[in-house]
Structures are given as C-alpha cells and as structure tokens.
Amino acid sequence: MSISKRVDAAVIVVVPIIVTFLMILGGTPGKLGGIALVGLTVGAHIGLRHPLYFTRALAFSLGALPFGYIPGVHAPLVFTLGGAVILASVIHRTAVSRITHGEMAVIVLVIASALSVFATGSATVDYAEFGKWLVSTLVVVSLLRLPRSELELFGRIYVYSASAAAAFAVVIFVADPAGKLVRYLSPFGYGTEAESTRFVYTDGAATVRLAGTYIDPNAAGIGLFVALMLCVLLIRGRMRVALALLLFGSIVLTLSRAALFSVVFGVLLMLLFQNLKTRERAAIIGGFGLAFVGALAVPAVRNRVFSSFGSGDAGSSARGDALVDFPGHMAGHWLFGLGWGRAEFKDPGTAFDVNYVANAPLLTVYRGGILAGLAFVAIIVVGAILGYRCLRSRNWEHGFVGGGFIGFTLVALQLDFPVVTIPATTMAFSVLIVFLVLAWEKASDNRPDDRKKPRISSTRPETIISA
C-alpha cells in the first residue's frame, strides 16, 4: 500500500472518531470544532487531489453569492475559496509559467501595500483587512496559471452564476420588495431586507435599486459589468444575446451610474477605434442604441442618469468636497497612507462623516500611501495598453472587452470605491484583469505555455501538470 493510500485510510478512520467525540462531549464549541475539522479535512483532500474544483467553486460563489458565508461556519465563501485557489497554484505544478506585464504590476502593488500595512498596522483588524485584500488581488496571478481552456470554463461559470443572481435580483426587485426571497439563502448568511434592496433618494422620494445577493447596488453594478464583459467574450449564439440583455438590464436597474457609463464609454471606444465591418457597426449601434433608449424610458433610470449633470446631485457635491479635503487628510501620511483597518472603511456612518474620496486610485493612496497608489495607476496604464491592442484587433468581442476595461478605469474607478474597500468587488476587478489578458492573447495570437497542451494525470484528472 502506498503512503498516500495509508494516509487516506488513516484519515477515514481517525477523523470520524474525533468528530463523533467532539459532537457528543464538547457542547456547542465541540460541535463547531467538529464541523471545522470535517471542513478542513474535505478541503485538504480536494486541494491535494482535485484542485480545479476550488477554482470552479470560486467562479460560482463570486458570481452568485459574492457576500455569502460557508454554511455552519462564519467564513466568507469568496475569501476561503480564493485562498484555496492561491494555495493550490503554489503546491501544484501549473500549466502556464509566463508572467505578463499586468501580473507584474499587480505584484508591485502587493509589495507596496505590504510595506504600507507593516508601517501603519497597529491592530489585528489592519492585518485582517490586508489579508482579505491580498487574497482578492493575488487571484490574478493564480488564475493566469491555468490552462486557457480551464480559464475559459471559469469565466463561463462566472457568467452563468452571475446571470442567475441577476435574474434572482430582478424577481426580488419586481415582485418581492420586502426581500422575503433572500431569506431562503439564510444558510449562506443572507436574510435581511436591507440585503435585498437599497434606496437612492431623488427629490425626497425613495427609489429602489437592484442589489440581490450583491447587497450593495454599486457592488452589484461592478460584478454584473464584469459578467457582461465575459459573456460577450466567451458565450456564443442566442445564449449570449439573452444573457447580455439580462445582465445589461440588471446593470441599469442597479442605478449604478459608474457601471452604466462604463459600458457606454466602452462601446463608444469600440466604435471609434476598432476596424468593424459595416454590418457589425450597424448592429452594435442599433442594438446598443435601442437598449440605452429603453433604459432611459424608465423614469427612475432617466432621473438618475440626468441628475449626474445637475447642481443638485448630492453625490457629486460630496465627491467634490472630498477631493478638496484630500490633501489635508493625507498631510504627514503620504508615504504609507492612513492605514487599512480604519473605521470609515467598515462603518457607513463613519464613512459619511469622514467623506473620503470616492476615487479608486486616490483611495488607494489614502489607505496605503503614494507607492501603492502609483502601483495601482500602473495596473490601469498596463490594462489600458492591452485594452487598446484589443480595440485594434479584427474581432469585435475582443474590442468590447478592451474598450470596456478602459471605460471602467476612466469612469467607474474615478466615481466609486468598492474595488478598493470591498474584497469581493476587488476580486471581481481581478477577474476583469485576468480576462483582459485572455482577450489580448486571443487578439494578438500570443498564446502562453499551454499551447503545447499540458498533459493531465490519468489518476488525478483535475491536477494540472505542466507540459
């Protein structure tokens, strides 16, 4: 009998005995310990034998349950699965060894942020927040180690699961304003009315915004925007049309101006810079024009969009005030920032009082200092270069992703902050970076190492082995 089989046999015998003992004699702490031991044992087995299960599970949870928790254990799904994916990419040989410029920029950001937290960290919460951000960011490197066929499967799972979450959110938005349906997801940590809908106040009237399992409508707009990009890149036929319409409609109902204008700006860039056939150009202009006009036909959407350009928009006024106050906040803290576990990042009331900048690059400086801010800007610049190369390709799907990324960096990252402060949204942005790289590879026929088709172990079909 091999050593691995002996270990498996020992685990099968020993773990159930320990768990049974804890469940009978340990009370509530013992029961929780038993559940945790079972989870760790199962997780270790999957990580060693079937690591790609973690990757696929991460795609599903990030798309469908981005703010969910592991049933029975108060541990975030996305954070736990993200950590497992990173660990699996370390202990298993990978299909791709090439490091892209985008990944290098991400690694520089990680180093600068680590220096920041070590310089400013004074409590456990600082290191905890950095740890969640670190996992959400390093997912870029781990996913780009996958064979491209497996990476595309990850993207399709994300699209399908996000589309299911969007459909669920639309049902809540239309037929269940009390949010009772969300309570069926209570095993995953959902279940309050505030987690199904949020409100935006326009002229004293409360307008419902779509959120669903994304909890925050602005975070929902970003997550669904990423799903829309991946849908166009990876899905084909009538399914792509149906899911794209669902995702775009859901983005509209979030009333997230950052996400909506990112889509609009991305399409405009594609029409300006990409060499499109006349039929393709006409189809894009006609289809997107009809979709946008249809969105503006909804009074709440129309008011939300056009209020962006009025002097009475409270959000715009607050952003202007935050920009004016930014240098004063940073006085004496430019090098390493103000810190990671600050109350304004976790408490909405404190955030309202502090009114920090709703701008991703500047907020990165606010939290982590000028070095981290410059590294974040480097990611944007490298991504914009890749996006422009996608725009110059012959395939409009690649141009859609490239233009969408540039639009996102010029609009969403300048108007909103979830990418910096909410780990699940940070991971969604990481996924966008990953598939921008994939779109660039397809557009330029610049394939990574797995062009040789990595061989797969016959006894462990899910374990990646380099060619």
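Described in the following lines is the structure provided in the data block. Just so it is clear, the structure is predicted and the values come from calculations on it, not from any experiment.

Calculation criteria
- Residues numbered from 1 in each chain as written.
- Predicted model: local features only at pLDDT ≥ 70, side-chain atom pairs only at ≥ 80, totals over all residues.
- Heavy atoms only, no water.
- Salt bridge = Lys/Arg side-chain N within 4 Å of Asp/Glu carboxyl O.
- Helix = DSSP H or I, 4+ residues; strand = E, 2+ residues; numbered from the N terminus.
- Buried < 20%, exposed > 50% of the residue type's maximum accessible area, 1.4 Å probe, protein only.
- Core = buried A, V, L, I, M, F, W, Y, C linked by side-chain atoms within 4.5 Å.
- Contact = heavy atoms within 4.5 Å.
- Axes fitted to C-alpha atoms, helices over the stretch in contact; angles between N-to-C directions.
- Parallel < 35°, antiparallel > 145°, perpendicular 65-115°, else oblique.
- Left-handed = near helix turned anticlockwise from the far one by under 90°.
- Nonpolar A, V, L, I, M, F, W, Y, C, P; charged D, E, K, R; others polar.
- Phe/Tyr/Trp six-rings, centres within 6.5 Å; stacked < 30°, edge-to-face > 60°.

**Re the pattern of salt bridges**
Step number 1: Following the criterion strictly, the structure yields 10 salt bridges and no others.
Step number 2: Of the charged contacts, one joins K132 and E129 as a salt bridge, the two residues approaching to 3.0 Å between their closest N and O atoms. Separated by three residues within a single helix, K132 and E129 lie in helix α6 (residues 124-143), roughly one turn from each other.
Step number 3: Overall, the relative accessible area of 24% leaves K132 in the partly exposed class.
Step number 4: Given a relative accessible area of 13%, E129 falls into the buried group.
Step number 5: Several salt bridges converge on common partners, so that one network encompasses R98, R148 and E441.

**Notes on the nonpolar core**
Step number 1: Y158, L230, F408, F429 and F435 are the most contacted members of the largest nonpolar core, which has 126 residues in total.
Step number 2: Other than its neighbours up to four places away in sequence, L230 contacts G155, Y158, V159, I235, V431 and F435.

**As for the environment of L115**
Step number 1: Its place among the elements puts L115 in helix α5 (residues 101-120).
Step number 2: Sequence-wise, L115 and G368 are 253 residues apart; in three dimensions their C-alpha atoms are separated by 8.5 Å.

**Some words on the packing of helix α8 (residues 217-234) against helix α10 (residues 257-273)**
Step number 1: Following both chains from N to C, one finds α8 and α10 inclined at 25°, their axes separated by 8 Å at the closest point. As the angle between them shows, α8 and α10 are arranged roughly parallel. Note on packing geometry: the crossing formed by α8 with α10 is right-handed. Where α8 abuts α10, its residues G221, I222, F225 and L228 lie against A259, S262 and V263.
Step number 2: Considered class by class, the residues forming the contact of α8 with α10 number five nonpolar, two polar and no charged.

**Examining the packing of aromatic side chains**
Step number 1: Taken as a whole and assessed by the stated rule, the structure comprises 17 aromatic pairs.
Step number 2: Their ring planes at 15° and their centres at 6.2 Å tell us that F405 and F429 sit as a pair that is stacked. Placement of F405 in helix α17 (residues 396-415) and of F429 in helix α19 (residues 423-444) is noted, with a sequence separation of 24 residues between them. F429 matches F405 in its accessibility class, with the two residues each being buried.
Step number 3: Here the aromatic residues F225, F376, F405, F408 and F429 are joined through ring pairs into a cluster of three or more.

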